Amino acid sequence: MTDSRGPSDPGPDVPGTRSTETQHRHGDGVGRAAGLTTLSALLPGVGLLGTSRRRLGLVVVGLAVLSLVLVVAYALTNGLTTTALQTAADTGRLRTIMVLLVLGTVVWVAAIALTALAASPRHTSRGQRAALSTLTAVLCLAVSAPAALGVRYISAHVDAVDKVFDAGGGTVGGGTSGSTPTSVVGSDPDDPWKDLPRVNVLLLGSDAAEAREGTRTDTMIVASIDTRTGDSVLFSVPRNLQNVPLPRDNPLHRVYGPVYDCGDQCLMNSIWTEAELTAQEHPAWYADDPTPGQTATREVLSGILGIPIHHTVIVNMRGFADLVDAMGGVLVTVQERIPIGGYTYTDANGTLQLDPTSDYEWLEPGTQRLDGRQALAYSRSRVTTDDFSRMRRQRCMVAAVVDQVDPMTMLQRYPQIIGAVGDNVVTDLPQEDLDEWAGLVLEVQDGTMRSLPFTGANIDTVDPNYSQIRARVYEALHPAPELPAPEPTESATATDDAAQTTEPPAEDEPTTTEEPTDELEDVGAVCD
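Here's what I pulled together on the structure shown here. (Residues numbered from 1 in each chain as written. Predicted model: local features only at pLDDT ≥ 70, side-chain atom pairs only at ≥ 80, totals over all residues. Heavy atoms only, no water.)

**Overview of empty space enclosed by the protein**
In total, this model carries one cavity of 30 Å³ or more according to the counting rule given. Within this model, the largest cavity holds a volume of roughly 30 Å³. Lining the largest cavity, in full, are Asp218, Thr219, Met220, Ile221, Ser236, Val237, Met391 and Gln394. In terms of residue count, strand E2 (residues 217-226) provides more of the lining of the largest cavity than any other element does, four residues in total. Residue composition of the lining of the largest cavity, by class: four nonpolar, three polar and one charged. (1 Å grid on protein atoms, 1.4 Å probe; cavity = no way out; pocket = protein on both sides within 12 Å on 5 of 7 lines; lining within 4 Å. Points joined across faces, edges and corners; volume = space filled by probe spheres on them. Helix = DSSP H or I, 4+ residues; strand = E, 2+ residues; numbered from the N terminus. Nonpolar A, V, L, I, M, F, W, Y, C, P; charged D, E, K, R; others polar.)

See below:
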């Protein structure tokens, strides 16, 4: 018998079947959920506004927008550069930012995940659920990765600042507790350098495994910086300077009198160790001085040059190689063959010699990018040259490092760079002055840099004329104004023109490279 009701037509609710309209509706629901989830990843909580969690979304969006407005307003009010420098200088502020960054990221990730859950349609296929879950995970990772990188950068910076400035209360070699903030000596908060037209910083190279202990000051450079223009002059003092004057109020004056004199054993680079030994024998003389070696070195050099030295920076020279490697190398012009590695010995004449049987290689002349090991050899070697050539190369290295520190390199390699700084540099610069000093360094990069070394070419290192040295320092810091060149007369001009047109050009004229003179001149003149 035939069924009069016709062929069977199962309805849409029969298990195992689904109408095309329903499939499209669920597909559209997954697409909408993906779009709202993506919106929450672009701005925290925006996607929640299109779900049943709209009120929560309003709160999250409000907090995000308010935070962004406050940050932008503060940066625009104080200036982007000032804001960045002030933030970098304030480790307390950085720690707060790090905590807020972590909390904000947690809220942001939670908003993305909640948006995906609230916007997801009730009935979805396994593939659709997997696709939405994958998108949510990717978006959460996308907003978490920059935050994790930021936390890493901030943590590295805070650790380095605490090491370099020794926030626990010591100075270079022992503590910064007695350091006077030089950048706030004036009464004008808008011009903190107003009452300090020049600031003088002593740069010491240390041979110690750590810069705080056993310092041997074979590298002594005083950088005098014009706080208005950033123009600077580097004064190099040789390590073998003899008969150095001792300040009357320094305890070493009680031992040696006004001059540190005991022949060729009493050299400038022995002052630090001499003060440390004297402090062990007479601790009462140094009751108020936790760093007798640093103090004595700074005071003696100040007397030699005739200028106040406001602060000291000590660089562990062996760790200097790590800093150069972290920067990606440094570009310099090598002017003489320099050995890398190997052993040295002193011959019968007292001359330093390179052991030909040891393992070494040569750094050849020419402009090239040096890695850390090469840069250290360039700055330290004196076995085939002398102390004065080494001093010249050290000034070139200081100038090259300052000139080649650029924002992009700092950003890309910041954790490595700041880590190398923290492990190998200590200073008595007040930490509260860090933003002012960072701004001054930017001025130094744009200013001129000149150098005046004191070497055997311009002084007698055995019996120096310190009045003459101080006079040369004064002239370097207070140059006489340049007189305008006299205008040429008509006859002189005609003569010059005739000479230029009648004399044949020289062909294949040999070029000569002049030895750098130890006079006041631009650093580039002796480094290029």
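**Observations regarding the pattern of salt bridges**
For the structure on display, the rule yields six salt bridges. Between Glu364 and Arg337 there is a salt bridge whose closest N-O contact spans 3.1 Å. Of this pair, Glu364 sits in the loop between strand E11 (360-363) and strand E12 (366-370) while Arg337 sits in the loop between strand E7 (330-334) and strand E8 (338-341), and the two are 27 residues apart along the sequence. Judged by its relative accessible area of 37%, Glu364 is partly exposed. (Salt bridge = Lys/Arg side-chain N within 4 Å of Asp/Glu carboxyl O. Buried < 20%, exposed > 50% of the residue type's maximum accessible area, 1.4 Å probe, protein only.)

**Quick word on the sheet that holds strand E3 (residues 232-236)**
A sheet is described by the order of its strands in space; here seven strands give the open sequence E13-E6-E1-E2-E3-E14-E15, paired in mixed fashion. Two strands in the sheet have a free side with no partner beyond their single neighbour: strand E13 (425-427) and strand E15 (521-522). Alignment of strand E6 (residues 311-316) against E13, held across three bridges, turns out to be antiparallel. Bridge assignment links Ile314 to a residue of E13, and that residue is Val426. (Pairing = 2+ DSSP bridges.)

**Let's talk about the packing of helix H5 (residues 126-164) against helix H13 (residues 414-424)**
Where H5 contacts H13, the axes come no closer than 8 Å and their chain directions differ by 15 degrees. In terms of their interaxial angle, H5 and H13 are classed as roughly parallel. Crossing angle aside, the handedness with which H5 passes H13 is left-handed. The residues of H13 that touch H5, namely those facing Arg152, Tyr153, Ala156, His157, Ala160, Lys163 and Val164, are Tyr414, Pro415, Ile418, Val421, Gly422 and Asp423. Across the contact of H5 with H13, the residue classes break down as eight nonpolar, two polar and three charged. (Axes fitted to C-alpha atoms, helices over the stretch in contact; angles between N-to-C directions. Parallel < 35°, antiparallel > 145°, perpendicular 65-115°, else oblique. Left-handed = near helix turned anticlockwise from the far one by under 90°. Contact = heavy atoms within 4.5 Å.)

**Some remarks on the nonpolar core**
Grouped together as the largest cluster of nonpolar side chains are 36 residues, with contacts concentrated most on Phe235, Val244, Met268, Ile271, Ile304 and Leu305. Elements with a contribution of two residues or more to this core: strand E1 (198-206), E2, E3, helix H7 (271-281), helix H8 (292-305) and helix H15 (466-477). Discounting chain neighbours no more than four positions away, the residues touching Val244 are Pro258, Val259, Tyr260, Met268, Ile271, Val300, Ile304 and Tyr466. Within the second largest apolar cluster, 25 residues are counted, among which are Met317, Phe320, Val330 and Ile338. (Core = buried A, V, L, I, M, F, W, Y, C linked by side-chain atoms within 4.5 Å.)

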